[in-house]
Amino acid sequence: MCDTANTACSGIGLAVVQRLVAEADLERDSTLTIVLACRNAGKACDAQMQLHALVPLSRRGAIDIQTLLCDLSNVKQVCAAAAEFKRRFKRLDALVCNAGMIPIAGISLASGIVQFLRDPADFAKSTAHTIKQQIGATVSDGDGGTFGAAFVANFFGHYIFLREVQDIMADTARFLRSKRATTQYARVVWVTSDTVMPKVFDSADIQCLRGDEPYESSKRLIEIVHMQTFAELKKSGIISAVANPGISATDITQGRVPVFLIIAVLYILRLFGLPRVCITPYNAASSIVHLASAVKDPESLDPDLVCVSDVSVFGKQRVITYKLDKSDIRVCDGDVCTLGSVDAEEIMEYVNDKLKAVLGR
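Owing to the predicted nature of the structure, the values given are computational and were not obtained by experimental measurement.

Definitions and limits used
- Residues numbered from 1 in each chain as written.
- Predicted model: local features only at pLDDT ≥ 70, side-chain atom pairs only at ≥ 80, totals over all residues.
- Heavy atoms only, no water.
- Salt bridge = Lys/Arg side-chain N within 4 Å of Asp/Glu carboxyl O.
- Helix = DSSP H or I, 4+ residues; strand = E, 2+ residues; numbered from the N terminus.
- Buried < 20%, exposed > 50% of the residue type's maximum accessible area, 1.4 Å probe, protein only.
- Patch = residues over 30% accessible without salt bridge, like charges linked within 9 Å, V, L, I, M, F, W, Y side chains within 5 Å.
- Areas by Shrake-Rupley, 256 points an atom, 1.4 Å probe, with all protein chains shown as cover.
- Core = buried A, V, L, I, M, F, W, Y, C linked by side-chain atoms within 4.5 Å.
- Contact = heavy atoms within 4.5 Å.

## Side note on the pattern of salt bridges
Evaluated as defined, the whole model comprises 13 salt bridges. Here Glu 223 and Arg 220 are joined by a salt bridge, their closest N and O atoms 2.7 Å apart. Residue Glu 223 and its partner Arg 220 are both found in helix 7 (residues 214–235); the two are separated by 3 residues, about one turn of the helix. Of the residues examined, Glu 223 reaches a relative accessible area of 5% and is grouped as buried. The class of Arg 220 is buried, set by a relative accessible area of 0%.

What follows is the structure, given as structure tokens:
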């Protein structure tokens, strides 16, 4: 079995791998290879050593930790990483698409404190009260053009990688069926955010170059693409699923807000009884690991449900579900269409055109 966890050198990504190592339920004579996709070689090496130390002596020969250099905001490097993966590995059971990049323009602690005191629930559901995001932040596409920074780092880099390794995942599913294994599908786990709402996504600005919430927009795009590709991927033997890690203390503010302050606020929110306040990345990773490994029959997963990490007021971990919000999706039956503002088929056409341009196909 081979898993790959993108951006797995810190935060929730690293916690996902820690839990996979700790909770691996290996059958006799089976092995587990986990591939950390990291953009920094030094951090990749540090994470690899840290994770190797967590592997019990009795399992040292059964669990292997590998690394793969991959900067999701660099489409050329993503393509190169996918090619390297295919050279090194012939099997891929689970692909975890986890990234959380916010193009930060500034932090307003005063505004955040005011909203926290006024409406804790709203404060927990939005980054806008504390974090001002850059409008129009871009990165180079390597060919003289640009991509929206959050669009490519949080979604499009993953999408390129998935499409480039899809054949290996399909081969893995065929192999599992030939062995009549308990699990007969490969799986891709997309990671959304607790701050996502349909209103943050504008179908006329898919990369959110004009909007002020590009992080949330990219996460909503993930949900839309999951809904549109589920049936197609399933035909290839790949089950698509969406995880929500809830709210935890990570360095998503890039050091501009002290982690101890974030943790203190999160404990207060949990005491107020707010759901999905996981606090630690390890707790937040539970829904991702649930979908990537714990679910033995991924075919049983409902594509309309999101699995979300949750922790009770008393600290008990659990994974719960909620329905994907489709209120903005336009659905047509012949000439009759709902009033949704988002034409998901047009979104997929746009995304796939961008993919073809990157791959030169």
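## Some thoughts on a nonpolar patch on the surface
Together, Leu 109, Ile 113, Leu 117, Phe 260 and Leu 261 give the surface a local cluster of nonpolar side chains, amounting to about 520 Å² of exposed area. Counting residues per element, the ones that place at least two in the nonpolar patch are helix 4 (109–118) and helix 8 (259–271). A per-element tally of the nonpolar patch places helix 4 first, with 3 residues. Considering the arrangement of structural elements, one finds Leu 261 in helix 8.

## Here we look at the nonpolar core
With 52 residues, the main nonpolar core has Phe 155 and Phe 156 as its most contacted residues. At the level of elements, strand 2 (32–38), helix 3 (75–88), strand 4 (94–97), helix 6 (149–178), strand 9 (186–191), helix 7, strand 10 (238–244) and helix 11 (344–359) are the ones that each hand at least two residues to this core. Examining the composition of this core, we find that 11 residues originate from one element, helix 6, more than from any other. Discounting residues that sit within four places of it in the chain, Phe 156 has contacts with Val 75, Phe 147, Phe 151, Val 351, Lys 354, Leu 355 and Val 358. Grouped together as the second largest cluster of nonpolar side chains are 39 residues, Val 17, Ala 24, Ala 292 and Leu 301 included.

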